[in-house]
Structure formats: structure tokens, C-alpha cells
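# Chain and residue survey
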Amino acid sequence: MLRQRPRARAVLRAAVAGALAVLVVACGQDAKSDSEVKAERALKECRAQWAEVGQSVDGLDQDPNPSALADRWTTVIATVEYYKQTKSARDCQSTVETQLKAVSSLRQFSEKLRPYDMTYQLAQVRAAIDLYLNDPLPEPVRGANRKPIRPPTKEAVSQAMQTLAANAQQANEELQPGWEQTKAVDLTDVEALTTTMQDLDFLAQDSPHWRQCEEALQVLVAAIRFQEGLVEGQPAS
């Protein structure tokens with residue numbers, strides 16, 4: 001048999017060692033890749049959750065009505081945009097849930113402010129009142145005492161709409177100190193929230209323009225209730 005030359009044996013040993021090294025590295029890369037895949041999946045799911053949160057608040061910073069709290073929504077949206085690009089999924093679920101609670105609290109606070117916001121109220125009733133003024137008057141009904149309940153006349157409704165339109169902006173301006181409080185009050189502080197609402201209500205009751213709007217709204221809401229069949233009673237005829 002031919003003996004291997006020393007140089008040939010050295011080359012063979014080097015080749016075997018190289019192959020083993022490649023195998024070891026490859027095994028290490030496989031384990032690392034599995035970990036990276038899991039991390040990437042978690043990060044992708046985290047960003048998807050934040051994208052859903054973003055969709056739920058999209059555009060809320062564009063509403064000009066003071067009860068909409070646009071400035072506060074601007075902060076919320078900026079926070080969500082930041083997390084949509086997060087580089088870590090650590091504590092993702094708890095962070096998303098915390099943000100959703102904050103969003104829910106802000107929505108609820110905004111709803112409490114709506115009755116004081118006369119430009120918002122004007123926008124809410126405009127379409128329904130337009131229908132009321134152009135459709136035939138709803139039929140009267142008899143209440144529990146058998147007395148007829150008649151819908152507001154078109155003249156009264158038209159006058160009320162004019163009053164609301166003429167005074168809504170001024171009414172909101174007279175409540176401006178209260179609106180400023182709503183921009184900064186801590187929504188987790190019950191006492192502070194109560195004070196803010198009380199201050200806003202005091203300003204409203206002290207505002208001649210706001211009181212005129214409230215009186216006009218009573219006529220308009222009565223008309224809309226008739227229009228939508230929400231007035232309880234039997235047909236008067």
C-alpha cells in the first residue's frame with residue numbers, strides 16, 4: 001500500500017477540521033435563527049396591535065369642536081405612532097391595554113362634554129331638522145292623560161334653528177375658561193374631573209348665548225323625536 005505523504009495527511013486533517021467547524025457554525029446559526037423568527041413574529045404581532053389602535057383613533061385630532069378634545073387626541077395619536085414602529089415586543093400586551101384604557105377614558109370624557117358644546121349640537125341636529133322642515137308635519141299623539149301632544153310648528157322649529165346657528169359659536173367662546181380646563185385635567189383624578197365639569201356647567205348657566213342655545217335645542221329635539229317616532233302615545237285622530 002502507498003503511504004500518505006505528510007503534506008497530504010496535513011491537508012486532509014485541515015479539510016476535516018474545516019468541515020467540522022462549518023458544521024458547528026451552521027448548527028449555531030440554526031438555533032439563533034429559530035430564536036430570531038420567534039422574536040420577529042412577536043414584534044410583527046405587536047406592531048399589528050398598535051396599528052389597530054391607530055385606526056380606532058384616526059382623525060380624532062381633526063375635530064374642531066371643543067368637546068372633541070383634539071389636542072389630547074393629538075398626544076394619543078403621537079404615542080400610538082411611536083409604538084407602531086417599536087423595535088421590541090417586550091410588555092407589548094400590557095402597554096396596548098393601558099393605552100386602550102386611556103383611549104376609552106378620553107372618549108367617555110368627550111361624551112360628557114358634548115351637551116355643553118353648542119357648535120357640536122348644531123352640527124348634530126342640522127340634517128334631521130332639514131328633513132323636518134321639508135316633510136309633512138308628524139301626526140299628533142295622545143299622551144297618558146289623553147291630552148293631545150302636538151309636534152312643534154315649522155315656524156317654531158325654523159326660529160329655533162336660526163337661534164342656535166346665530167349663538168352657538170359665541171356660546172362656546174363664553175365657556176372658553178372651562179374648555180381650557182378640559183385640555184389638561186387628569187382623567188384618573190375623580191375629584192379634579194368633578195370640579196372641571198362643575199366649572200363648565202357654571203360658565204354655561206352664566207352665559208346668555210349658551211342659555212339661548214339650550215332653549216332652542218329643546219324645541220329642536222322635540223321636533224326630531226316626533227320625526228323619528230319616539231314620542232310615546234296613541235294617535236290623536
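The model shown is predicted, which means the values in this text are computed figures rather than measured ones. (Residues numbered from 1 in each chain as written. Predicted model: local features only at pLDDT ≥ 70, side-chain atom pairs only at ≥ 80, totals over all residues. Heavy atoms only, no water.)

This paragraph deals with the packing of helix 6 (residues 176-184) against helix 7 (residues 190-205). Viewed as axis vectors pointing N to C, helix 6 and helix 7 meet at an angle of 165°, and their least axial separation amounts to 8 Å. By the angle between their axes, helix 6 is roughly antiparallel relative to helix 7. Crossing hand, helix 6 versus helix 7: left-handed. Contacts between helix 6 and helix 7 involve Pro177, Gly178, Trp179, Gln181 and Thr182 on the former and, on the latter, Thr196, Asp199, Leu200 and Leu203. (Axes fitted to C-alpha atoms, helices over the stretch in contact; angles between N-to-C directions. Helix = DSSP H or I, 4+ residues; strand = E, 2+ residues; numbered from the N terminus. Parallel < 35°, antiparallel > 145°, perpendicular 65-115°, else oblique. Left-handed = near helix turned anticlockwise from the far one by under 90°. Contact = heavy atoms within 4.5 Å.)

The subject of this paragraph is the packing of aromatic side chains. Centre-to-centre distance and the angle between the planes together describe a pair of aromatic rings. Counted by the stated rule, this structure contains three aromatic pairs. With centroids separated by 4.6 Å and ring planes inclined at 10°, the aromatic side chains of Trp50 and Tyr83 adopt a geometry described as stacked. One end of the pair, Trp50, is in helix 1 (residues 6-57); the other, Tyr83, is in helix 2 (residues 70-84), and 33 residues separate them in sequence. Tyr83 sits in the partly exposed class, given a relative accessible area of 27%. Their ring planes at 75° and their centres at 5.2 Å tell us that Tyr82 and Tyr83 sit as a pair that is edge-to-face. Under the relative-accessibility criterion, Tyr82 is labelled exposed at 59%. (Phe/Tyr/Trp six-rings, centres within 6.5 Å; stacked < 30°, edge-to-face > 60°. Buried < 20%, exposed > 50% of the residue type's maximum accessible area, 1.4 Å probe, protein only.)

Let us now look at the nonpolar core. Counting residues in hydrophobic clusters, the biggest one holds 42 residues, and the most contacted among them are Phe109, Tyr116, Met118, Val125, Ile129, Leu164 and Leu220. Broken down by secondary-structure element, the contributors of at least two residues to this core are helix 1, helix 2, helix 3 (92-113), helix 4 (118-134), helix 5 (154-174), helix 7 and helix 8 (208-227). Residues within four places of Val125 in sequence aside, it is in contact with Met161, Leu164, Leu217, Leu220 and Ile224. (Core = buried A, V, L, I, M, F, W, Y, C linked by side-chain atoms within 4.5 Å.)

Because each turn of an α-helix spans 3.6 residues, side chains separated by three or four positions end up pointing in the same direction. The terminal C-alpha atoms of helix 3, which comprises 22 residues, lie 32 Å apart, in line with the 32 Å expected from a rise of 1.5 Å per residue. Of the residues making up helix 3, those classed as buried are Cys92, Val96, Gln99, Val103, Leu106, Phe109, Ser110 and Leu113. Looking straight down helix 3, one finds its buried side chains confined to an arc of 150°; they lie on one side. Exposed side chains of helix 3 directed beyond 90 degrees from the buried face belong to Thr98, Lys101, Gln108, Glu111 and Lys112. (Expected span 1.5 Å × (residues − 1). Arc of directions from axis to C-beta.)

This brings us to unusual backbone geometry. Positive phi outside glycine occurs at Leu69, with the angle close to 60°. Relative to the helices and strands, Leu69 is located in the loop between helix 1 and helix 2. Note on Leu69: relative accessible area 4%, which makes it buried.

With that out of the way, let us pick up the side chain of Asn167. Summarising the element assignment, Asn167 is placed in helix 5. In this structure, Asn167 is in contact with His209, Gln212 and Cys213, ignoring residues within four places of it in sequence.

The pLDDT averaged across the chain works out to 89; a share of 84% of its residues lies at or above 70. For residues 22-28, every residue scores under 50 in pLDDT, and the model assigns this stretch zero contacts once sequence neighbours within four places are set aside. (pLDDT = per-residue confidence, 0-100.)

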